[in-house]
Protein chains: 2
Amino acid sequence: MTSEETLEQFNLRKTKIRIAVLDSLSQSAVAQSYSTMQNALHEFDRITLYRTLLTLTEYGLIHKAYEENGESFYARCFGCTGQLHNHEHLHLKCSSCGGVECVEISDQLKSSLAQLPFQEINISAKGACKACASA
Amino acid sequence: MTSEETLEQFNLRKTKIRIAVLDSLSQSAVAQSYSTMQNALHEFDRITLYRTLLTLTEYGLIHKAYEENGESFYARCFGCTGQLHNHEHLHLKCSSCGGVECVEISDQLKSSLAQLPFQEINISAKGACKACASA
DNA sequence: TAGTTTTTGCAACATTGTTGCATTTGTTGC
DNA sequence: GCAACAAATGCAACAATGTTGCAAAAACTA
Ligand SMILES: [Mn+2]
Ligand SMILES: [Mn+2]
Ligand SMILES: [Zn+2]
Ligand SMILES: [Zn+2]
């Protein structure tokens, strides 16, 4: 599904920056930092980017995968809603390249997490990302 | 063990702000935000607080329990080192009062986490904290 | 207590978060 | 396509935090 179709489906106006952000995150294998996106989308105002990220997060189209020292990383969501955000994966911050990626987790871990009486459970970890581990 | 004794044990100089920070976090049942600590310790410079938190974190005496929208919460560590930080608990951000607390996790979840090939695994969740849930 | 090392306080700057408001853009009905 | 309306954008403005350099002060050691 294209980014335009996705926005339509969620009754969101199809604006340039929303399409650009969704396109960018959909094509990216890793999460993107706010500053990276700001550089890539420098034709847009940073406040507009800020509000775009808020809106897309609110509607469950993207999620903040990681935040450390004021640096936030965003990734495309698949099957999330604004209400329920229990990602069935963890967020790995690579100690080598600094990148952030979403990593699948075991069924055992999933079921352990499912028993917790909380919402928006988020696991983050540090280690070598796929690219750096295989290099 | 007093904060002074702890600092001594780690070969850290016993400065006023380090003692104050350790005292404050040791007595607190919940994690404290940077701004809360800054207000409480307003007799110290904020950069000094910033560096104090860095140092105490580096030595494994405290840990950043939660960070969101640039707001960081710190809590006392028990049995951590600067190297190994796999907390066997999760960090709950209360949707009601906004506080952050460290919450024990099940043995099953612990063992699931132990199988992950990563370091510094951190689980955060949102929900009602102990105080707000019982109110 | 004197000398050495570390820490602090302050200046300085960058980045990000956040809101208000006028202008522009997207959508809908004609 | 065009007008009208609602929503989003761009810009100003400000607060908060992150980060480094450096001189003065404090902590430690002999
Ligand atoms: Mn993710
Ligand atoms: Mn904790
Ligand atoms: Zn990597
Ligand atoms: Zn609470």
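Preceding this section is the structure that the text describes.
All of the points below concern the structure found in this document.

Cut-offs applied
Residues numbered from 1 in each chain as written. Chains lettered and ligands numbered in written order. Predicted model: local features only at pLDDT ≥ 70, side-chain atom pairs only at ≥ 80, totals over all residues. Heavy atoms only, no water. Helix = DSSP H or I, 4+ residues; strand = E, 2+ residues; numbered from the N terminus. Polar contact = N/O pair within 3.5 Å; in protein donor to acceptor, adjacent residues only side chain to side chain. Contact = heavy atoms within 4.5 Å. Least-squares fit on C-alpha atoms with pLDDT ≥ 70 in both. Donors = N, O, S within 2.8 Å, 3.2 Å for Na, K, Ca; no water. Tetrahedral: all angles 85-135°; square planar, octahedral: opposite > 155°, others 65-115°. Buried < 20%, exposed > 50% of the residue type's maximum accessible area, 1.4 Å probe, protein only. Near = heavy atom within 4 Å. Pairing = 2+ DSSP bridges. Axes fitted to C-alpha atoms, helices over the stretch in contact; angles between N-to-C directions.

## What about the side chain of N122(A)?
Relative to the assigned elements, N122(A) resides in strand 6 (residues 119-127). Polar contacts involving the side chain of N122(A) include one to the side chain of H91(A), which spans 3.1 Å. Dropping the residues within four chain positions of it, N122(A) is found in contact with K64(A), A65(A), H91(A), N122(B), I123(B) and S124(B).

## Some details on the relation of the copies chain A and chain B
Mapping chain A onto chain B calls for a screw motion: a turn of 180° about the axis and a shift of 0.0 Å along it, with 0.0 Å RMSD after fitting. Taken together, the rotation angle and the small translation identify this as a two-fold axis. Taken together, the interface assignments show that 100% of the residues at the interface of chain A recur at the interface of chain B, consistent with an identical surface on both copies.

## Overview of the side chain of T6(B)
Residue and element names in this part refer to chain B. Mapped onto the secondary structure, T6 falls in helix 1 (residues 3-9). In this structure the side chain of T6 is engaged in a polar contact, spanning 2.9 Å, whose partner is the backbone oxygen of T2. When near neighbours in sequence (up to four residues on either side) are disregarded, T6 contacts M1, L61 and R76.

## Observations regarding the coordination of the zinc ion (ligand 4)
Residue and element names in this part refer to chain B. Around the zinc ion (ligand 4), the protein contributes the donor atoms C94 (SG), C97 (SG), C129 (SG) and C132 (SG), which lie 2.2 to 2.4 Å from the metal centre. Of note is the zinc ion (ligand 4), whose four donor atoms meet at the metal with angles of 105 to 117° in an arrangement that counts as tetrahedral. Between the donor residues of the zinc ion (ligand 4), the gaps in sequence give the motif C-x2-C-x31-C-x2-C. Of this pair, C97 sits in the loop between strand 4 (89-94) and strand 5 (100-104) while C132 sits in helix 6 (residues 130-133), and the two are 35 residues apart along the sequence. On the accessibility criterion, C132 (24% relative accessible area) is partly exposed.

## Observations regarding the protein's contact with DNA strand C
Close to DNA strand C lie 21 residues; R46(A), Y50(A), I17(B), R18(B) and R51(B) are nearest. Taking all atoms of DNA strand C within 4 Å of the protein, the share assigned to sugar and phosphate is 59%. At 2.7 Å, a side-chain N or O of R46(A) approaches a base oxygen of DNA strand C. In this structure, a base oxygen belonging to DNA strand C sits 2.9 Å away from a side-chain N or O atom of R51(A).

## Topic: the coordination of the manganese ion (ligand 1)
Residues and elements named next belong to chain A. Protein-derived coordination of the manganese ion (ligand 1) comes from H63 (NE2), H89 (NE2), H91 (NE2) and C102 (SG), at a distance range of 2.1 to 2.5 Å. The sequence motif formed by the donor residues of the manganese ion (ligand 1) is H-x25-H-x1-H-x10-C. Residue H91 is located in strand 4 (residues 89-94), and its partner C102 is located in strand 5 (residues 100-104); the two are separated by eleven residues in the primary sequence. On the accessibility criterion, H91 (0% relative accessible area) is buried. Overall, C102 belongs to the partly exposed group, its relative accessible area being 34%.

## Let's talk about the protein's contact with DNA strand D
Around DNA strand D, 23 residues are found, and the nearest of them are I17(A), R51(A), K14(B), R46(B) and Y50(B). In the model, a sugar or linking oxygen of DNA strand D is placed 3.1 Å from a nitrogen or oxygen of the R13(A) side chain. In this structure, R51(B) approaches DNA strand D through a side-chain N or O atom, which is 3.0 Å from a base oxygen. Of all the elements in the fold, those that place two or more residues in the surface near DNA strand D are helix 2 (16-27) and helix 4 (46-58) of chain A together with helix 3 (34-40) and helix 4 (46-58) of chain B. Sorting elements by how many residues they give to the surface near DNA strand D places helix 4 of chain A first, with five residues.

## Brief notes about the sheet that holds strand 2 (residues 62-68) of chain B
Residue and element names in this part refer to chain B. Within the open sheet, the three strands sit side by side as 1-3-2. Their pairing is antiparallel. The sheet is open, and its two borders are formed by strand 1 (32-33) and strand 2, each paired with just one other strand. Relative to strand 3 (residues 71-76), strand 2 runs antiparallel, the two being bridged by six bridges. Paired with K64 across the two strands is Y74, which belongs to strand 3. Against the sheet, helix 2 (residues 16-27) touches strand 1, strand 2 and strand 3, its axis set at about 80° to strand 3.

Functional significance is not addressed by these values, which are geometric in nature.
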